[in-house]
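Residue-level listing of the chains:
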Amino acid sequence: MKKIILLLILAVGVNYVNAQNIFRNDDEVQTIFSKNRSNGGYGAITFGYTQIDGKDAFISGGRGAFIFDHSLAIGLGGYGFVNNLDYHTYYDSHPLDYTLAGGYGGIFIEPILGGTKPIHLSFPVLFGLGGVALIEDYGWDYWDVHPFDELDHDLFFVVEPAAELEFNLTRWFRVAATASYRFTSNIDLYDTDEDVLRGLNFGLTCKFGKF
């Protein structure tokens with residue numbers, strides 16, 4: 001009987017100590033430099049579709065970021081775009097057309113929700129500067145005869161919030177379906193609307209790194 005009572009006392013004591021440790025860990029204040037945090041980084045490439053000046057446009061670019069504890073990424077990104085890619089001149093009577101081409105880039109901040117889950121969300125927002133040019137376009141059939149001459153150009157500010165549905169394929173590789181909206185300052189180009197660059201983007205982003 002004494003042995004049984006002694007074993008019960010020891011069991012209760014061990015449980016009490018474990019409970020104290022659990023509550024102590026829960027109450028412990030976590031800091032930015034806590035050893036329990038996991039930081040990393042990634043590089044990414046993006047390919048997407050948008051419409052610029054009512055014409056189909058291709059947009060691509062990349063970004064790199066430092067990740068804080070699976071929940072926030074901060075880095076730099078940049079993108080290039082060109083519209084009117086399908087314009088061609090099968091006949092000499094086809095008129096001169098115009099293409100808009102340019103790029104933009106800057107710093108971005110990316111909150112991440114459930115970054116350790118196989119499927120999760122992130123919300124990158126880019127703040128930056130860009131440039132756009134209005135280019136004379138005779139079509140691909142005449143690129144060697146009429147080079148793409150710049151008619152006008154302008155600079156602009158850009159803010160581009162996005163939402164990404166991200167899939168963790170491996171520990172170091174992720175793929176995200178991306179949708180964003182490009183807000184820009186007014187554009188001043190010959191015979192072109194001032195809001196010509198504002199609009200939705202849809203794309204695919206591939207991320208490589210330590211997450």
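Residues numbered from 1 in each chain as written. Predicted model: local features only at pLDDT ≥ 70, side-chain atom pairs only at ≥ 80, totals over all residues. Heavy atoms only, no water.

## Digging into unusual backbone geometry
Most peptide bonds take the trans form, and the phi angle of most residues other than glycine is negative. Phi angles above zero are rare outside glycine, and His70 is one such case at about 65°. The residue His70 is located in the loop between strand E2 (55–68) and strand E3 (72–83) in this model. Here His70 falls in the partly exposed class, since its relative accessible area comes to 22%. The phi dihedral of Asp191 falls on the positive side, at around 55°, and the residue is not glycine. Checked against the element boundaries, Asp191 lands in the loop between strand E8 (173–184) and strand E9 (199–210). (Helix = DSSP H or I, 4+ residues; strand = E, 2+ residues; numbered from the N terminus. Buried < 20%, exposed > 50% of the residue type's maximum accessible area, 1.4 Å probe, protein only.)

## Topic: the nonpolar core
Within soluble globular proteins, side chains that are nonpolar generally end up buried alongside one another. With 24 residues, the main nonpolar core has Tyr42, Tyr104, Val132 and Leu197 as its most contacted residues. Of all the secondary structure elements, the ones that give two or more residues to this core are strand E1 (40–52), E2, E3, strand E4 (97–113), strand E6 (125–137) and strand E7 (150–168). Not counting the four nearest positions on each side in its chain, Val132 is found in contact with Phe81, Leu100, Ala101, Gly102, Asp152, His153, Asp154, Phe156, Ile187, Leu189 and Leu197. (Core = buried A, V, L, I, M, F, W, Y, C linked by side-chain atoms within 4.5 Å. Contact = heavy atoms within 4.5 Å.)

## Examining the packing of aromatic side chains
If you walk through the whole model with that rule in mind, you get nine aromatic pairs. Between Phe173 and Phe208, the ring centres sit 4.9 Å apart and the planes meet at 25°, which makes this aromatic pair stacked. Highlighted residues: Phe173 in strand E8 and Phe208 in strand E9, separated in sequence by 35 residues. Overall, Phe173 belongs to the buried group, its relative accessible area being 18%. Ring pairs connect the aromatic residues Tyr79, Phe81, Tyr104 and Phe156, which therefore count as one cluster. The ring centre of Phe108 lies 5.3 Å from the NZ or CZ of Arg63, which sits over that ring. Lying over the aromatic face of Tyr42, Lys207 brings its terminal NZ or CZ to 4.7 Å of the ring centre. (Phe/Tyr/Trp six-rings, centres within 6.5 Å; stacked < 30°, edge-to-face > 60°. Lys NZ or Arg CZ within 6 Å of the ring centre and 35° of its normal.)

## Focus on the pairing of E9
Two faces belong to every sheet, and in a regular strand the side chains alternate between them. Pairing geometry for E1 and E9, over 10 bridges, is antiparallel. Across the sheet, Gly43 pairs through a bridge with Phe208, a residue of E9. (Pairing = 2+ DSSP bridges.)

## Points about the pattern of salt bridges
Per the stated rule, a full pass over the model turns up six salt bridges. In this structure, Glu164 engages Arg63 in a salt bridge whose closest nitrogen and oxygen atoms are separated by 3.0 Å. Of this pair, Glu164 sits in strand E7 while Arg63 sits in strand E2, and the two are 101 residues apart along the sequence. Each member of the pair Glu164 and Arg63 is classed as buried. Among the salt bridges present, the one from Lys207 reaches Glu166, with a minimum N-O distance of 2.5 Å. On the criterion of sequence distance, the pair formed by Lys207 in strand E9 and Glu166 in strand E7 is long-range, its members being 41 residues apart. Taken individually, Lys207 and Glu166 each receive the classification buried, so the pair is uniform in this respect. (Salt bridge = Lys/Arg side-chain N within 4 Å of Asp/Glu carboxyl O.)

Functional significance is not addressed by these values, which are geometric in nature.
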